[in-house]
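What follows is the residue order along each chain.
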Amino acid sequence: MPDLQAMDMRKVVGKNFARLRQKKGMTQEVAAERSGFSQSYIGWLERGQRNPTVISVYMLAQAIEVMPADLMVPLPEDEA
């Protein structure tokens, strides 16, 4: 089980968003258009430099057609 106190959820959400977006063959630009966020925001998010709200996580998940929880699941370092 991951150390929840040491975990930075901004990085977890960002890494998961980038991984799942790329898995679907989607560019940051397309994800931005579909989510309503700027391409700059998507880049900052993927680098763990934004702290998205619950509503933002929902909108981001819809944009890449995944469940919001998929963005918040910590992965082992070798899978991230």
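Let us look at the structure shown here. (Residues numbered from 1 in each chain as written. Predicted model: local features only at pLDDT ≥ 70, side-chain atom pairs only at ≥ 80, totals over all residues. Heavy atoms only, no water.)

## Looking at the packing of helix 2 (residues 28-35) against helix 3 (residues 39-46)
Remark: helix 2 packs on helix 3, axes separated minimally by 8 Å, with the N-to-C direction vectors making an angle of 110°. Comparing the axis directions of helix 2 and helix 3 gives the class roughly perpendicular. Crossing geometry of helix 2 relative to helix 3 is assigned as right-handed. Contact residues: Gln-28, Glu-29, Ala-32 and Ser-35 in helix 2; Gln-39, Ile-42, Gly-43 and Glu-46 in helix 3. (Axes fitted to C-alpha atoms, helices over the stretch in contact; angles between N-to-C directions. Helix = DSSP H or I, 4+ residues; strand = E, 2+ residues; numbered from the N terminus. Parallel < 35°, antiparallel > 145°, perpendicular 65-115°, else oblique. Left-handed = near helix turned anticlockwise from the far one by under 90°. Contact = heavy atoms within 4.5 Å.)

## As for the packing of helix 2 against helix 4 (residues 54-63)
It is at 8 Å that the axes of helix 2 and helix 4 come closest, and there the two elements cross at 120°. Between helix 2 and helix 4, the angle is such that the two are oblique. Considering how the two elements wind past one another, helix 2 and helix 4 form a crossing that is right-handed. Two secondary-structure elements touch here, helix 2 through Ala-31, Arg-34 and Ser-35 and helix 4 through Met-59, Leu-60, Gln-62 and Ala-63. Its residues placed into classes, the contact of helix 2 with helix 4 shows four nonpolar, two polar and one charged. (Nonpolar A, V, L, I, M, F, W, Y, C, P; charged D, E, K, R; others polar.)

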